[in-house]
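Chain by chain, the residues run as shown.
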Amino acid sequence: MKASDTGCEMDTILQGVTDLSIGPDPSSVEHRHCQTTSVEEEDISRGLLELPIEICERRPTCLRCCRPEKVCLCPFLPAHPLDVSTCLYIVQHPAEESRVLRTVPLLAACLPPGKCKVFVGRRFNKERNAELAAVWQNSRTLLLYPGAEAQNLQDLNEDFTGEERNVIIIDGTWSQAKDMFLRNSLFHLPKQVQLNSTLSSQYVIRTQPTNMCLSTLECAAITLSIMEKNPTIQEVLLKPLQALCSFQLQHGAQVHHSKEHLLKYGLYDKPLPKNKRKMRRIQKLITNQKI
């Protein structure tokens, strides 16, 4: 190899080293990129902070029926609270409290103050719920809940108008009500009664397990009409419920048939449960047997 060739090779190597040394440092490029990104994020954050805040105001609510004022149901409530001696104690599942189309506020709006008391919760005991525990232990208290141990309210040979009575009603879905009944020993203290009624529910904007299942308001309406010996009570209490359902149906809601009806006519579009116990319940619904 000639000396000139060696010199050329050395020049090439030195030029490559020089090129490498003057190139941008990757770490410095990344640092500058982070700085640029940070500045851009600060500008975006500053811009967001400068945007006008739109306050979403809640629709004004009627104090009596607890409905939005634009869809107030007060015209369908009695002009004056119904004169009843029976006191209702509604034990409400927490999930029911947040439902928009619940019926308990309508029920309470029809009755005098103190005649429809609502207690929210899943578990109850004497220590935390002293007032309710005293009602449960009162001999004049009835628990409205169907079952093998329950007596038909219509068949009781008692004069309910002679003295003030208490009726406890569980408010929630049927599975929620069953869970609350089984897990609270206090529920088993009062005399248990049920309604022997063939009335189909008019609460058609919510699905019921069977055709005979009623909403809390409907149960209370029938119970009070029996205990107060006044059939007009049932008519008065059902008016706001009918108005509520009519309004919802006029504005896009669909009629909800009971699960029993859907199964009987092959309209149930959900997959059937694999659990044998649940399947037996389904079969009872189809054959219209008591669950």
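Our structure's up above, just so we're on the same page.
Residues numbered from 1 in each chain as written. Predicted model: local features only at pLDDT ≥ 70, side-chain atom pairs only at ≥ 80, totals over all residues. Heavy atoms only, no water.

A.B. asks: Is there a simple way to think about the side chain of T223 in this case?
C.D. replies: Considering the arrangement of structural elements, one finds T223 in helix α7 (residues 216-227). Judged by relative accessible area, which is 1%, T223 ranks as buried. With residues up to four places along the chain from it excluded, the contact list for T223 reads L144, L153, V167 and L195. (Helix = DSSP H or I, 4+ residues; strand = E, 2+ residues; numbered from the N terminus. Buried < 20%, exposed > 50% of the residue type's maximum accessible area, 1.4 Å probe, protein only. Contact = heavy atoms within 4.5 Å.)

A.B. asks: Looking at this structure, I do not really get the nonpolar core. What am I missing?
C.D. replies: The tendency in soluble globular proteins is for nonpolar side chains to be buried side by side. By size, the foremost hydrophobic cluster in this structure holds 41 residues, and its most contacted members are L88, L107, L111, L153 and L237. Mapped by element, the contributors of at least two residues to this core are β1 (87-92), α4 (104-110), β3 (141-144), β5 (166-171), α7 and α8 (232-250). Beyond its immediate chain neighbours, meaning those up to four positions away, L237 contacts L82, L107, C110, L217, A220, A221 and L224. Core analysis: the next-biggest nonpolar cluster, separate from the first, contains 18 residues, A133, W136, L143 and I168 among them. (Core = buried A, V, L, I, M, F, W, Y, C linked by side-chain atoms within 4.5 Å.)

A.B. asks: Is there a simple way to explain the packing of aromatic side chains in this structure?
C.D. replies: To describe a pair of aromatic rings, one takes the distance between the centres and the angle between the planes. One pass over the structure, following the stated rule, counts 5 aromatic pairs. When the ring of F124 is compared with that of F187, the centres are 6.5 Å apart and the planes differ by 75°; the resulting orientation is edge-to-face. Taken as a pair, F124 in the loop between β2 (116-120) and α5 (130-136) and F187 in the loop between α6 (174-183) and β6 (191-194) lie far apart in primary sequence, 63 residues in all. The interplanar angle of 20° and the centroid separation of 4.3 Å between the aromatic rings of Y145 and F181 together place this pair among those described as stacked. Taken together, the residues Y145 in the loop between β3 and β4 (151-152) and F181 in helix α6 connect sequence positions 36 residues apart. Judged by relative accessible area, Y145 falls into the buried class, the value being 10%. Given the relative accessible area of 9%, F181 is considered buried. Each residue in the set F124, W136 and F187 is aromatic and connected to the rest through ring pairs, giving one cluster. (Phe/Tyr/Trp six-rings, centres within 6.5 Å; stacked < 30°, edge-to-face > 60°.)

A.B. asks: Could you clarify how one ought to interpret the side chain of R67 in this entry?
C.D. replies: Following the sequence through the fold, R67 ends up in the loop between α2 (26-50) and β1. One buried charged residue, R67, forms no salt bridge at all, with the nearest opposite charge on E96 at 12 Å. The residues contacting R67, other than those within four sequence positions of it, are P60, T61, C62, C72, L73, V100, L101, L244, F247 and Q248. (Lys, Arg positive; Asp, Glu negative; His and termini not counted. Salt bridge = Lys/Arg side-chain N within 4 Å of Asp/Glu carboxyl O.)

Keep in mind these values describe shape, not function.
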